[in-house]
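# Report on the structure
Letter by letter, the chains look like this.
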Amino acid sequence: RIARIFSTVDVGDSGSVVLRTADLRQIVQHPQPADSGADGAAPQATPKLLEMVRSYPEGRSYQAPAEHDRSEHHYTFRRVAGYPLYVTVGRAAADFSANWQRTVAPLVALCGLMIALILWGSWRIYRLAQERARQRGDSKAARVLEAAPVAMLLVDGEGVIANANPRAAALLGY
């Protein structure tokens with residue numbers, strides 16, 4: 001029954017939840033280590049856990065390398081109130097970052113998408129503002145051209161007459 005309760009705790013790929021007696025002998029562990037049945041004896045508490053329980057008998061969190069693979073783990077132990085028992089939970093530092101990456105990756109992608117949309121929208125607004133300014137400028141230029149008391153011709157870059165005012169048309173016979 002306790003193992004079933006412990007199985008609901010997410011400790012990552014290389015973590016564990018252990019119920020221990022007051023002298024830190026193991027009663028139940030989840031998940032069960034692969035080498036647990038070799039000699040029938042339950043794994044002993046690590047020297048670091050023994051030291052921490054002596055110094056902080058009610059409970060504490062600490063970091064230490066795991067005995068089985070020497071990778072950095074985060075451990076927490078708590079004394080079970082009213083019982084001569086301790087619960088210890090260990091989780092690999094890599095498992096913390098794996099969860100963090102799974103959580104953060106979609107958020108980073110969403111932020112990237114939002115930045116791209118904002119940049120695209122800003123570019124579109126800028127281009128529309130430029131087009132409107134050009135149209136206003138063209139409209140003013142057309143009014144000046146029409147109202148000018150002298151003949152005026154607008155010539156494009158190739159030397160072709162693009163526009164002429166009424167005075168120029170009359171002067172040239174059009």
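Conventions adopted
Residues numbered from 1 in each chain as written. Predicted model: local features only at pLDDT ≥ 70, side-chain atom pairs only at ≥ 80, totals over all residues. Heavy atoms only, no water. Pairing = 2+ DSSP bridges. Helix = DSSP H or I, 4+ residues; strand = E, 2+ residues; numbered from the N terminus. Axes fitted to C-alpha atoms, helices over the stretch in contact; angles between N-to-C directions. Contact = heavy atoms within 4.5 Å. pLDDT = per-residue confidence, 0-100.

## Examining the sheet that holds strand E1 (residues 16-21)
Strand order in the open sheet formed by 5 strands is E2-E1-E5-E4-E3, with antiparallel pairing between adjacent strands. The open sheet has two edge strands, strand E2 (26-30) and strand E3 (59-65), and neither has a second partner. Averaged over all adjacent pairs, the angle separating strand axes in this sheet is 20°, with direction ignored. Bridge count between E1 and strand E5 (residues 85-92): 6 bridges; the pairing is antiparallel. Each bridged residue has a counterpart across the sheet, and for Thr21 the counterpart in E5 is Leu85. Seen against the sheet, helix H2 (residues 47-55) touches E1, E3, strand E4 (72-79) and E5 and runs at an angle of roughly 155° to E3.

## Quick notes on the confidence of the model for the chain
Residues with a pLDDT of 70 or more make up 94% of the chain, whose mean pLDDT is 86. Put simply, helix H1 (residues 2-6) is where the chain has its lowest mean pLDDT, 81, and H2 is where it has its highest, 93.

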